[in-house]
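Secondary and tertiary structure notes
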Amino acid sequence: MTTVRNRPRVFLTHPPAALAGYFGEPALGELRAVADVTLNAHERELSPPELIAAAAGHDVIISYRQTPGVAAIFDGLPDLVAFQRVAVDIRNIDVAAASARGVLVTQASPGFVPAVTEWILGAMIDAARHMTDYASAYRGGTVPAARMGRQLHGATLGVIGYGAIGSRLCAVAQALGMRVLVHDPYKPVAPPLETVDLPGLLAAADFVVPLAVATPETENLIDAAALARMKPTSWLINASRGNLVDEAALAQALDAGRIAGAAMDVGRAPDQMPSPGLAARPDVIATPHIGGLTPQAIAHQALESVRQCAAILRGEVPEGAVNAAQATRLARLRR
């Protein structure tokens with residue numbers, strides 16, 4: 001007699017609205033082809049005890065970026081083989097605790113590079129040409145006075161961190177005729193890009209764009225001292241992580257007129273959104289962490305997570321695994 005193996009079970013933590021916007025039906029359909037899928041029925045994030053109860057008996061959890069992977073989850077789910085993140089940022093996952101329980105942790109690769117690069121370009125154009133100010137005035141029923149703008153051609157861009165987004169942004173800026181300065185102590189750049197130290201970049205750039213990885217080393221990288229080095233006509237453009245900017249120091253610098261303004265897609269509010277107090281300022285352009293919210297960027301990470309899940313359910317270590325050597329529970333799924 002042939003024994004029929006039960007289909008594996010996967011739990012998706014995305015609340016319904018987030019599931020539609022940050023995972024999508026195509027990825028959900030592909031996931032259902034390889035596993036029985038349970039969805040979060042609540043219009044909110046589940047607390048760890050709720051997630052433990054809802055995901056009991058499941059092989060894999062695929063988590064929304066706001067779902068914390070705390071130690072209690074790995075302790076409370078003895079059947080769990082893998083905890084996947086449909087994002088690059090896994091700082092709210094306790095990888096050490098997962099490893100101690102033999103649970104595999106995975107992350108997605110950055111499919112949002114073009115989208116975030118375009119957001120930064122749009123923010124620079126907005127800041128240079130006062131577009132938000134004009135639109136707000138017209139919508140408020142007044143005709144705004146014309147103000148002199150600045151063209152990007154000939155302006156100086158300062159990029160802190162020459163990773164995937166930084167390198168793409170530099171190429172776009174060069175195509176627009178900008179002078180491009182780069183500070184990255186770990187990655188060399190080639191001419192016509194100019195490698196400079198951080199104080200030199202801050203002093204020369206018309207647009208300062210921090211794109212460094214968020215680590216203890218880069219916490220509050222843009223602090224009061226850094227802001228004091230910037231030109232009074234310069235803009236800070238942050239589309240990376242809120243942790244890179246000391247928001248109290250930024251507010252003080254804006255109050256004192258030490259810089260012209262800031263454009264922010266990220267900050268220290270929940271889900272890395274800009275803090276509402278800063279976002280409400282007239283010298284700030286803010287969006288709610290949507291730099292990577294395009295169909296192409298979301299599909300990249302969602303479909304990649306499905307491919308990772310399919311490999312996991314075959315007992316394989318997928319690309320994007322961060323603790324493969326400690327993932328002892330994976331052997332349960334090998335056929």
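Report on the accompanying structure. (Residues numbered from 1 in each chain as written. Predicted model: local features only at pLDDT ≥ 70, side-chain atom pairs only at ≥ 80, totals over all residues. Heavy atoms only, no water.)

1. Considerations on the pairing of strand 10 (residues 235–238)
The two faces of strand 10 match: Trp235 and Ile237 on one face and Leu236 and Asn238 on the other face are all buried. Crossover strand 9 (residues 207–210) to strand 10 through helix 10 (residues 224–229) is right-handed. Sheet topology places strand 10 next to strand 11 (residues 261–264); 4 bridges connect them, and they run parallel. Residue pairing across strands places Ile237 opposite Ala263, the latter belonging to strand 11. Between the parallel pair strand 10 and strand 11, the chain is carried across by helix 11 (residues 247–255), and the sense of this crossover is right-handed. (Buried < 20%, exposed > 50% of the residue type's maximum accessible area, 1.4 Å probe, protein only. Helix = DSSP H or I, 4+ residues; strand = E, 2+ residues; numbered from the N terminus. Right-handed = clockwise from strand over helix to strand, strands pointing away. Pairing = 2+ DSSP bridges.)

2. Observations concerning the nonpolar core
Core analysis: the biggest nonpolar cluster contains 30 residues, and Ile120, Met124, Leu157, Leu169, Met178, Phe207 and Ile237 have the highest contact counts within it. Among the elements of the structure, helix 6 (113–129), strand 6 (156–160), helix 8 (164–175), strand 7 (179–183), strand 9 and strand 10 are those that each provide at least two residues to this core. Considering every element that reaches this core, the biggest residue donor is helix 6, with 8 residues. Not counting residues up to four positions away in its chain, the partners in contact with Met178 are Met124, Leu152, Gly154, Ala155, Thr156, Leu157, Ala173 and Phe207. One finds Leu202, Ala205, Val208 and Ala253 within the second-largest nonpolar core, a separate group that totals 25 residues. (Core = buried A, V, L, I, M, F, W, Y, C linked by side-chain atoms within 4.5 Å. Contact = heavy atoms within 4.5 Å.)

3. Quick word on the sheet that holds strand 8 (residues 194–195)
With parallel pairing, the 7 strands of this open sheet are ordered in space as 8-7-6-9-10-11-12. A single partner strand is all that each edge strand has here, and the edge strands are strand 8 and strand 12 (284–286). In terms of strand pairing, strand 11 meets strand 12 through 3 bridges, oriented parallel. What sits directly across from Met264, in strand 12, is Ala286. In the packing of helix 6 onto the sheet, the strands contacted are strand 6, strand 9, strand 10, strand 11 and strand 12, and the crossing angle to strand 10 comes to about 155°. Relative to strand 6, helix 8 is tilted by about 170°, and along the sheet it contacts strand 6, strand 7 and strand 9. (Axes fitted to C-alpha atoms, helices over the stretch in contact; angles between N-to-C directions.)

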